[in-house]
Structure formats: C-alpha cells, structure tokens
Amino acid sequence: MDTAIDNVFPPREPKPKWLRVKLPTGKNYTELRGLVDKYKLNTICTSGSCPNMGECWGEGTATFMILGNICTRSCGFCGVKTGRPETVDWDEPEKVARSIKIMNIKHAVITSVDRDDLKDMGSIIWAETVKAIRRMNPNTTLETLIPDFQGNTRNLDRIIEVAPEVVSHNMETVKRLTREVRIQAKYEKSLEVLRYLKEQGIKRTKSGIMLGLGETEEEVIQVLDDLADAKVDIVTIGQYLQPSKKHLPVKEYITPEQFAKYQQIGKELGFRHVESGALVRSSYHAEKHIH
C-alpha cells in the first residue's frame, strides 16, 4: 500500500548484482585480520572497507595511508575528512615499516591525504616512509599512490629518488568533470605529474579513474588516450560508489560488458596492465603490476 512517506522518499535503486561482495575468507586473511586488530595497525583496507580486502590480503598485499586522516582538499567523491590536519608524526615512517613487518606483507601500497598546508606538501615524510620500509623489509616491493604535490617537481623528485617499484597518481575522472569531482585539482596538472615521473626514470607509472559520475564513453577513451600519451604503464578503472549522502551521487552503474570494453581498448592502446571492473580499486592486483 502506498503511503505519503513512500512518495516523499522513494526507495533507493538497489545496487546491481555484480556489485555484491563475498565476505573475505581464507587462512591468510584470518591471520592478517588478527594481527591488525591485536596491534591496532592502520590499513586503508580496513578503514576504507575495501571490497577486495580478502583477495588482496590473501596475496600478501595491503595499503597504508600516511600523513594523518584529515585532508586539506574537499573532493566530491572521497570519504576522507576535510579540515585542518594534525601535526606531522615524524615516527610514522617507522610505524608503517613495523606494521608491514608484523603483517609479513610482500607488496605494500602507500597512499596519503593531501597536505597542502605543509611547505613540502608531505613529500619528506613520503620519502622517509619508503626508506624505513626498505630498511626493515628489504624483500617487500612498493607502490606509492601519491597526491599531485601541486605539480612541484622538487617534491616529486623526493619520490623519484627513493625509486618505488610503482608510482601511481590517479586522474579519478574525465576532463569535463574534474572541477566538480576534484575541486582543488587540475586535469592537465595530473597528466604533467605522470609524464614527469616517467621522464625522470620511474619504471612503472600508474593511474586510475572511477566511472558512473556522468561521463560518456568518448570521454573515458580520451582519458585513456591521454594516459597512453603520457607513457603511463598501468590503468585501473572501477565503479564510483557514494561514500555518504553528502558526496556526489552515482549517476550510473556501469555494466560488466562496458568495463570489459574499456579493458580491451586499454590493451589496444598498449598499457602493460589494465584492471577494469565494478569492484576494481587503485590497489587491486597491485602485486602483479611490478612485472
């Protein structure tokens, strides 16, 4: 029976079946979950409720966020808090390295909030974190998913000098939607960052985009063309999911067939790896991207 309240608040469109996630299982996952809880380790896998946590942990991969959990930017898609960040914790590099050792991580992905409040934009802590991980975990490979550092090459050089196996920076969306989705970022600046990393000798560069924000197929192909032109090696393409009602709404759920089409286009453009699917996130299959 219809009621007035049903008319005012119509039921939300259910997520399609291909977005349903299996609960993580397996010996590796169970052991790692126990260690994370016991030592209160801070992984973005758990704090971000990543749908691929079980699969990644099963492969010995985990993602860690540095430089606090408050961002100086207010992107319309991101669930991280915006505001005045806390003071830099100079012990953080050692803490992250120790977490990786306790968890016996084979491949670690490091990411961070934007720290536009700092003169170095956090790049010194970034470099020190990579060094600490290398000292304590010499057999662990690394991906650094970095902010744009406002395109400042001195800050980017700090990342280049410590030479992670993969350096990643996400475009997040198509050119037309960048101002709405990434309010304080610029499409061309992100491309320049990726191009500079490759020109300065980074062996594997990587970027990712989310779909379902109102982009067209032609616009997605244009991003892939631009990334190929910047000599990017690896691309991830996933479905945008709204973190809360305050964030940008999902305009469309992209079908598995369309994701498969983008994967094929990416392969034809010559990318070394293309991860394309509804549940794909930046670090999905990250351990494979070093090869």
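Residues numbered from 1 in each chain as written. Predicted model: local features only at pLDDT ≥ 70, side-chain atom pairs only at ≥ 80, totals over all residues. Heavy atoms only, no water.

(A) How the structure looks around the overall build of the protein chain. A count of helices and strands for the protein chain gives 11 helices and nine strands. Scaling as 2.2 N^0.38, a compact globule of 291 residues should have a C-alpha radius of gyration of about 19 Å, and the protein chain matches this with 19 Å. The C-alpha extent of the protein chain, read off along each of the three principal axes, is 65 × 45 × 40 Å. The proportion of buried residues among the 291 residues of the protein chain is 51%. Of the contacts made within the protein chain by residues no fewer than 6 positions apart, 74% connect residues no fewer than 24 positions apart. Summed over all atoms, the accessible surface of the protein chain reaches about 15100 Å², with 50% contributed by carbon and sulfur. In the protein chain, 43 side chains carry a positive charge and 40 a negative one; their mean positions are 4 Å apart. (Helix = DSSP H or I, 4+ residues; strand = E, 2+ residues; numbered from the N terminus. Rg over C-alpha atoms; globule rule 2.2 N^0.38 Å. Buried < 20%, exposed > 50% of the residue type's maximum accessible area, 1.4 Å probe, protein only. Contact = heavy atoms within 4.5 Å. Areas by Shrake-Rupley, 256 points an atom, 1.4 Å probe, with all protein chains shown as cover. Lys, Arg positive; Asp, Glu negative; His and termini not counted. Charge placed at Lys NZ, Arg CZ, Asp CG, Glu CD.)

(B) Structural context of the pairing of strand β8 (residues 234-239). In terms of residue burial, β8 counts as a mostly covered element, since six of its six residues are buried. Across the two faces of β8 the burial is the same, with I234, T236 and G238 and V235, I237 and Q239 all buried. In this structure, strand β7 (residues 205-211) lies alongside β8, joined through six bridges in parallel fashion. Paired with L211 across the two strands is Q239, which belongs to β8. (Pairing = 2+ DSSP bridges.)

(C) Summary view of the confidence of the model for the protein chain. Confidence along the protein chain averages 88 in pLDDT terms, with 92% of residues attaining 70 or more. Of the regions scoring below 50 in pLDDT, residues 1-11 engages in one contact with residues more than four places distant in sequence or in other chains. (pLDDT = per-residue confidence, 0-100.)

(D) Region of the structure containing the environment of D225. Considering the arrangement of structural elements, one finds D225 in helix α10 (residues 217-229). Placed 60 residues apart in sequence, D225 and E165 show a C-alpha to C-alpha distance of 24 Å.

(E) Examining the packing of helix α5 (residues 92-103) against helix α6 (residues 123-136) more closely. Between α5 and α6, whose axes approach to 8 Å, the crossing angle comes to 35 degrees. You can see that α5 and α6 cross each other, and the crossing is right-handed. Note on element contacts: α6 touches α5 through I125, E128, T129, A132, I133, R135 and M136, opposite E92, P93, E94, V96, A97, R98, I100 and K101. A per-class count over the contact of α5 with α6 returns eight nonpolar, one polar and six charged. (Axes fitted to C-alpha atoms, helices over the stretch in contact; angles between N-to-C directions. Left-handed = near helix turned anticlockwise from the far one by under 90°. Nonpolar A, V, L, I, M, F, W, Y, C, P; charged D, E, K, R; others polar.)

(F) Structural detail: the pattern of salt bridges. Counted by the stated rule, this structure contains 14 salt bridges. With its nearest N and O atoms 2.8 Å apart, the salt bridge here joins D148 to R73. Of the two residues, D148 sits in the loop between β5 (141-145) and α7 (153-162) while R73 sits in the loop between β2 (70-71) and β3 (81-82), which places them 75 residues apart along the sequence. Overlapping salt bridges bring together R73, D114, D116 and D148 as one network. (Salt bridge = Lys/Arg side-chain N within 4 Å of Asp/Glu carboxyl O.)

(G) Looking closely at the nonpolar core. Core analysis: the biggest nonpolar cluster contains 40 residues, and W57, I100, M103, I110, W126, I146 and L197 have the highest contact counts within it. Those elements that place two or more of their residues in this core are α2 (27-39), α4 (53-58), β1 (61-66), α5, β4 (107-112), α6, α7 and α9 (187-199). Ranked by residue count, the leading element in this core is α6, at six residues. Judged by nonpolar contacts, the second largest core, of 33 residues, contains M210, L213, I237 and L248. (Core = buried A, V, L, I, M, F, W, Y, C linked by side-chain atoms within 4.5 Å.)

(H) View of α6. In this model, α6 (14 residues) spans 20 Å end to end at C-alpha, consistent with the 20 Å of a helix rising 1.5 Å per residue. Buried residues of α6: S123, I125, W126, A127, T129, V130, A132 and I133, and no others. Summarising the contacts, the buried residues of α6 are in contact with β1, α5, β4, β5 and α7. (Expected span 1.5 Å × (residues − 1).)

(I) Local environment of the side chain of R115. Among the secondary structure elements, R115 is positioned in the loop between β4 and α6. Of the polar contacts made by the side chain of R115, one reaches the backbone oxygen of L67; its length is 3.2 Å. Apart from residues lying up to four places away in sequence, R115 is in contact with L67, I70, T72, P85, E86, V88, M121 and G122. (Polar contact = N/O pair within 3.5 Å; in protein donor to acceptor, adjacent residues only side chain to side chain.)

(J) Layout of the sheet that holds β8. Taken together, the seven strands give an open sheet; going across it, the order is β1-β4-β5-β6-β7-β8-β9, and neighbouring strands pair in parallel fashion. Here the strands that pair on one side only, and so sit at the sheet edges, are β1 and β9 (273-276). Between one strand and the next, the sheet's axes are offset by a mean angle of 20 degrees, whatever the strand orientation.

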